[in-house]
Amino acid sequence: QVQLVESGGGLVQAGGSLRLSCAASGSILGGNSMGWYRQAPGKQRELVATIAGAGSTNYADSVKGRFTISRDNAKNTMYLQMNSLKPEDTAVYYCNMVQWFLGRREYWGQGTQVTVSS
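Residues numbered from 1 in each chain as written. Predicted model: local features only at pLDDT ≥ 70, side-chain atom pairs only at ≥ 80, totals over all residues. Heavy atoms only, no water.

> In this structure, what is going on with the overall build of the protein? I would like to understand it.
Across its full length, the protein carries zero helices and eleven strands. Each helix and strand of the protein, ordered N terminal to C terminal, gives the series β-β-β-β-β-β-β-β-β-β-β. Compactness check: the protein gives a C-alpha radius of gyration of 14 Å against a globular reference of 13 Å for 118 residues, within 12% of the reference. When its C-alpha atoms are laid out on the principal axes, the protein stretches across 45 × 25 × 25 Å. Looking at the protein residue by residue over its 118 residues, the buried ones come to 42%. For the protein, long-range pairs separated by at least 24 residues make up 54% of all intrachain contacts whose partners lie at least 6 apart in sequence. Element-wise, carbon and sulfur atoms account for 48% of the exposed surface of the protein, whose accessible area totals about 6200 Å². (Helix = DSSP H or I, 4+ residues; strand = E, 2+ residues; numbered from the N terminus. Rg over C-alpha atoms; globule rule 2.2 N^0.38 Å. Buried < 20%, exposed > 50% of the residue type's maximum accessible area, 1.4 Å probe, protein only. Contact = heavy atoms within 4.5 Å. Areas by Shrake-Rupley, 256 points an atom, 1.4 Å probe, with all protein chains shown as cover.)

Structure (structure tokens):
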């Protein structure tokens, strides 16, 4: 089993920055993929960014050029640097990990609230 704990959310003005962290613990296997997703009130959860174990990244069009995903495999921690924040970035941000061991296994954190005021 894997536990994911997010931190770093909060209230920020438009144009500001926040850095989210996701600490992973438990049965972590090499080669896993991690990512950030978000869910705004009344909307479906959507992909923000993903990062593979080797470091390749993928971003939603809405955050390209503003957000940067990274990971420190030695610390089992993933980050999301969010710059030039907009009110439409307001959402609960969730950490995600996918591992492959006797099949595909997916894990989620509890989420951290990000609120961007205009």
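Now that the structure has been shown, we can carry on.
> Mind showing me how you'd approach the nonpolar core here?
The tendency in soluble globular proteins is for nonpolar side chains to be buried side by side. Grouped together as the largest cluster of nonpolar side chains are 29 residues, with contacts concentrated most on Leu4, Trp36, Leu80, Met82 and Tyr93. Going through the elements one at a time, strand E1 (2-7), strand E3 (18-26), strand E4 (33-39), strand E5 (46-51), strand E7 (67-72), strand E8 (77-82), strand E9 (91-100) and strand E11 (112-117) are the ones with two or more residues in this core. (Core = buried A, V, L, I, M, F, W, Y, C linked by side-chain atoms within 4.5 Å.)

> Mind showing me how you'd approach the pairing of E5 here?
Both faces of the sheet carry side chains from a regular strand, because those side chains alternate between them. Direction of pairing for E4 relative to E5: antiparallel, over a ladder of five bridges. Within E5, the residue paired with Trp36 across the bridge is Ala49. Counted between consecutive antiparallel strands, the loop separating E4 from E5 contains six residues, among which Gly42 sits at a positive phi close to 80 degrees. Sheet analysis places E5 next to strand E6 (residues 57-59), joined by three bridges and oriented antiparallel. Within E6, the position partnered with Ile51 by the bridge is Thr57. In sequence, E5 turns back onto E6 through a hairpin of five residues, with Gly55 there showing a positive phi of about 110 degrees. (Pairing = 2+ DSSP bridges.)

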